[in-house]
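Here is how the chains run, residue by residue.
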Amino acid sequence: MTPPAPAPAPPTATHRLELADEAATAAFASRLAAALGPGTVIWLSGGLGAGKTTLVRGVLRALGHTGKVRSPTFTLLEPYNLVRFPVYHFDFYRFSSANEWRDAGFDEYFRGDGACLVEWPDLAGPDLPRPELALRLGFADGDAGGTGTARVLEIDAFGDAGLRCLNAAVAAS
Ligand SMILES: Nc1ncnc2c1ncn2[C@@H]1O[C@H](COP(=O)(O)OP(=O)(O)O)[C@@H](O)[C@H]1O
Ligand SMILES: [Mg+2]
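About the criteria used
Residues numbered from 1 in each chain as written. Chains lettered and ligands numbered in written order. Predicted model: local features only at pLDDT ≥ 70, side-chain atom pairs only at ≥ 80, totals over all residues. Heavy atoms only, no water. Helix = DSSP H or I, 4+ residues; strand = E, 2+ residues; numbered from the N terminus. Rg over C-alpha atoms; globule rule 2.2 N^0.38 Å. Buried < 20%, exposed > 50% of the residue type's maximum accessible area, 1.4 Å probe, protein only. Axes fitted to C-alpha atoms, helices over the stretch in contact; angles between N-to-C directions. Parallel < 35°, antiparallel > 145°, perpendicular 65-115°, else oblique. Left-handed = near helix turned anticlockwise from the far one by under 90°. Contact = heavy atoms within 4.5 Å. Nonpolar A, V, L, I, M, F, W, Y, C, P; charged D, E, K, R; others polar. Donors = N, O, S within 2.8 Å, 3.2 Å for Na, K, Ca; no water.

(A) Summary view of the overall build of the protein chain. Helix and strand counts for the protein chain stand at four helices and seven strands. Counting helices and strands in the order they occur from the N terminus, the protein chain gives β-α-β-α-β-β-α-β-β-β-α. Taking 16 Å as the expected radius of gyration for a compact globule of 173 residues, we find that the protein chain reaches 16 Å, a close match to that expectation. Principal-axis analysis of the C-alpha atoms places the extent of the protein chain at approximately 50 × 40 × 35 Å. Out of the 173 residues belonging to the protein chain, those deemed buried represent 46%.

(B) Here's a closer look at the packing of helix H1 (residues 22–35) against helix H4 (residues 159–169). As a packed pair, H1 and H4 sit with axes 8 Å apart at the nearest point and diverge in direction by 140°. The pairing of H1 with H4 is recorded here as oblique in orientation. In the packing of H1 onto H4, the handedness of the crossing is right-handed. Where H1 abuts H4, its residues Phe-28, Arg-31, Leu-32 and Ala-35 lie against Cys-165, Ala-168 and Ala-169. For the contact of H1 with H4, the per-class residue count stands at six nonpolar, no polar and one charged.

(C) Region of the structure containing the environment of Phe-158. Tracing the chain through its elements places Phe-158 in the loop between strand E7 (151–157) and H4. If we ignore the near neighbours within four places in the chain, the residues touching Phe-158 are Ala-9, Pro-10, Pro-11, Thr-12, Arg-130, Pro-131, Glu-132, Ala-134 and Leu-163.

(D) Representation of the coordination of the magnesium ion (ligand 2). Those protein atoms acting as donors to the magnesium ion (ligand 2) are Thr-53 (OG1) and Glu-119 (OE), and they sit at 2.1 to 2.2 Å. With a gap of 66 residues between them, Thr-53 in helix H2 (residues 52–62) and Glu-119 in strand E5 (residues 115–119) connect regions that are remote in the sequence. Taking the relative accessible area as the measure of exposure, Thr-53 reaches 16% and is therefore buried.

(E) Quick look at the environment of Gly-105. For Gly-105, the location among the structural elements is in the loop between helix H3 (98–104) and E5. Classification of Gly-105 as partly exposed rests on a relative accessible area of 32%.

Right, here's the structure in full:
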């Protein structure tokens, strides 16, 4: 029997933001973009339609990407070769077990030359590299049907690098 994996470390800091509409999400995304660099790992959780892909689109726009931003739901990975560093956008919604993460051979992308933005990180299981920031997007209270534009964003920062990212991303908000 393999011993149980050690519990992940608790966050070093947390922060909560309200994003009233898509413009607010884009504004946060551009501050987050400025906090990214090669090797940064960002997790994005939250239900379907919460705004994970929209937030990633904002990050890519802020880093100078002018083309389409497709959800990697079917391809698992969409890579972007940008001027400053590559961005790798993952979506593990279709994973049904952690073995799929192991078989996919994506490890090399993490802690490499680019920043990794990961939707549905929990579905990749315990071997997925830990992030600097874990973002959780949800529909704001009173928006139970998910038809409005208000979102709540909860951010967990891990370690000194995560704390630096968080401070940069929430600096002017
Ligand atoms: N504040 C907001 N932030 C992000 N998306 C929003 C917001 N308000 C409305 N939306 C809409 O919600 C949807 C989010 O979809 P998407 O980003 O694909 O979600 P996910 O990737 O979490 O499934 C989009 O249609 C977007 O236009
Ligand atoms: Mg998505």
